[in-house]
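# Chains, contacts and geometry: an overview
One letter stands for each residue in the lines below.
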Amino acid sequence: MSAIISQCSLNVLQQAAENLKSGGLVAFPTETVYGLGANAEDENAIQRMYKVKNRPVDHPVIVHIADLDAVDYWATDIPDYAIALMRDYWPGPMTLLLKRTEKAKDFVTGNQEIVGLRIPAHTLAINLLQEFSKIGGKGVAAPSANRYGAVSPTTAQAVDLELQEYLEPRDQILDGGQSLVGVESTIIDCTRENPAILRPGAITAEMVEQSTGIIVIEPEGTKVKVSGSHKQHYSPNAKVIIGAETKPGNGLIAMADLATPEGVIRLAAPKTLEEYARILYSALREADAQKLAEINVVMPEGNGLAVAIRDRITRAAAL
Ligand code: TXA
Ligand code: MG
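Residues numbered from 1 in each chain as written. Chains lettered and ligands numbered in written order. Predicted model: local features only at pLDDT ≥ 70, side-chain atom pairs only at ≥ 80, totals over all residues. Heavy atoms only, no water.

## A closer look at the side chain of Ser 235
Within the secondary structure, Ser 235 sits in the loop between helix H8 (205-212) and strand E12 (239-242). With residues near it in sequence (within four places) discarded, Ser 235 still touches Gly 149, Ala 150, Val 151, Arg 315 and Ala 316. (Helix = DSSP H or I, 4+ residues; strand = E, 2+ residues; numbered from the N terminus. Contact = heavy atoms within 4.5 Å.)

## Overview of the packing of helix H1 (residues 10-21) against helix H6 (residues 123-134)
At a minimum axis distance of 8 Å, the contact between H1 and H6 shows a crossing angle of 55 degrees. In terms of their interaxial angle, H1 and H6 are classed as oblique. The two elements H1 and H6 cross, and the hand of that crossing is right-handed. Contacts between H1 and H6 involve Leu 10, Leu 13, Gln 14, Ala 16, Ala 17, Leu 20 and Lys 21 on the former and, on the latter, Leu 124, Asn 127, Leu 128, Glu 131 and Phe 132. Of the residues in the contact of H1 with H6, the class split is 8 nonpolar, 2 polar and 2 charged. (Axes fitted to C-alpha atoms, helices over the stretch in contact; angles between N-to-C directions. Parallel < 35°, antiparallel > 145°, perpendicular 65-115°, else oblique. Left-handed = near helix turned anticlockwise from the far one by under 90°. Nonpolar A, V, L, I, M, F, W, Y, C, P; charged D, E, K, R; others polar.)

## Regarding the packing of aromatic side chains
One pass over the full model with this rule turns up 2 aromatic pairs. Seen in terms of ring centroids, Tyr 73 and Trp 74 are 5.2 Å apart; in terms of plane orientation they differ by 80 degrees. Their pairing is edge-to-face. Take Tyr 73: its relative accessible area is 22%, and that puts it in the partly exposed class. Geometrically, the ring pair formed by Tyr 234 and Tyr 281 is stacked, given 6.1 Å between the ring centres and 15 degrees between the ring planes. Here Tyr 234, found in the loop between H8 and E12, pairs with Tyr 281, found in helix H9 (residues 273-289); they are 47 residues apart in sequence, far enough to count as distant. There is no split in this pair, since Tyr 234 and Tyr 281 are both buried. Over the ring of Tyr 73 we find Lys 138; its NZ or CZ atom is 5.0 Å from the centre of that ring. Against the face of Tyr 166 rests Arg 147, its NZ or CZ located 3.7 Å from the ring centre. (Phe/Tyr/Trp six-rings, centres within 6.5 Å; stacked < 30°, edge-to-face > 60°. Buried < 20%, exposed > 50% of the residue type's maximum accessible area, 1.4 Å probe, protein only. Lys NZ or Arg CZ within 6 Å of the ring centre and 35° of its normal.)

## Quick notes on helix H4 (residues 80-89)
Along H4, the positions that sit buried rather than exposed are Tyr 81, Ala 82, Ala 84, Leu 85, Met 86 and Tyr 89. Buried-residue contacts for H4 involve helix H3 (71-74), strand E6 (94-100), strand E10 (186-189) and H8.

## Quick word on the environment of Val 52
Here Val 52 shows up in helix H2 (residues 43-53). Residues Val 52 and Ile 279 lie 227 residues apart in sequence; the distance between their C-alpha atoms is 25 Å. With residues near it in sequence (within four places) discarded, Val 52 still touches Leu 25, Leu 36, Arg 147, Leu 163, Tyr 166 and Leu 167.

## Re the environment of Gln 290
Along the chain, the position of Gln 290 falls in the loop between H9 and strand E15 (294-297). Gln 290 gets classed as partly exposed once you look at its relative accessible area, which sits at 38%. Considered as a pair, Gln 290 and Gly 251 are 39 residues apart in the sequence and their alpha carbons are 9.4 Å apart. Once you skip the residues sitting within four places of it in the chain, Gln 290 turns out to touch Ile 265 and Leu 267.

## Remarks on the nonpolar core
If you look at the biggest cluster of nonpolar residues, it comprises 47 residues, and the most contacted ones within it are Leu 36, Met 49, Leu 85, Leu 96, Val 108 and Leu 117. Those residues in contact with Val 108, other than ones at most four positions away along the chain, are Ala 40, Ile 46, Pro 60, Val 61, Val 63 and Ala 141. Formed by 27 residues, the second largest nonpolar core is a distinct cluster that contains Leu 267, Ala 268, Ile 313 and Ala 317. (Core = buried A, V, L, I, M, F, W, Y, C linked by side-chain atoms within 4.5 Å.)

## Remarks on the domain arrangement of the chain
For the chain, the assigned domains read domain 1 (4-212) and domain 2 (239-317). The distance between the C-alpha centroids of domain 1 and domain 2 comes to 27 Å. Summed over both partners, the interface of domain 1 with domain 2 buries about 1,400 Å², with 57% contributed by carbon and sulfur atoms. When the buried area of domain 1 at its contact with domain 2 is split by residue, Val 151, Val 183 and Pro 200 rank highest and sum to 36% of it. The tally of links between domain 1 and domain 2 comes to 2 salt bridges. A salt bridge links Arg 285 to Glu 162; the nearest nitrogen and oxygen atoms lie 3.3 Å apart. Run the count over domain 1 and domain 2 and you get 7 residue pairs in polar contact (both at pLDDT 80 or more). Residues that form the side of domain 1 that touches domain 2 fall into these classes: 9 nonpolar, 9 polar and 4 charged. (Domains from an automatic or database assignment. Buried area = accessible area lost by both parts, 1.4 Å probe. Salt bridge = Lys/Arg side-chain N within 4 Å of Asp/Glu carboxyl O. Polar contact = N/O pair within 3.5 Å; in protein donor to acceptor, adjacent residues only side chain to side chain.)

This is how it looks when you write it as structure tokens:
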């Protein structure tokens, strides 16, 4: 049990920062999805966070930081192109994998020599991270606030539904409204000569090349483990079928220009790619709330954000 806090005044955020510092878990909004936060230097808190998520323990977790000053605490040997990316896209939906310092312990890196860092672009998240930093905190480890393999939450209510029964009374869920991006951050491996995108997101390959002036390479050959890259992930209870061949009683997620056949339950009809990304996860959750057995999902075409949307739909549909 723990309560959703919807009026997040500075005072509430100060308390939440104290709570993190003393081992509590705080779920908080970011522009991508909600995260389940724990002090990145507190092994016990991180272990409890893994239990709440039911996540295998050797999986690395992203360290969220308040500002660029905190980068050097966690990472070293940072290539110039990574600095260009930080300057252009932080705060924002981008996680950089960098060589770790000795401060990034095995329990956040999944026993790897690299650490994942992100400055999120959400006022509430930034303020929480700043308050945490003021009391000596260095970073907040936060995976998406869902049970392992399930759909990431984009609202505080979805976090509550996913995790409520596993949280302790001292843990908190901060409500910052609906996440505006809706799919998880782009993960970029910055440990090699060229950047490689391990998980597509709102910061696209085109944007990375524009910022860095160097070519993005395929992730093949990377030694990095990324849990969200497991084939099956982001799955609702309903069976996800890719394509428009629906039947009555099925749910349907597709761009607005596709009409809803008779008897089919329309779960989302986005008009743009941005809207598609923003509502995809809540539409998948809605299918479960309505106890639908099957959902047809028609993938968007094109580059940019469409790549991330297709990635998540493909994984949601994987058996
Ligand atoms: O948008 C996001 O990235 C959200 C919000 C809360 O920031 N977080 C998120 O965390 O999606 P999670 O744990 O659900 O997915 C993060 C992915 C995982 O697949 C993890 O394996 C990878 O990032 N990752 C994190 N740190 C890493 C590291 N040191 N090395 C390799 N992969 C890492
Ligand atoms: Mg996740």
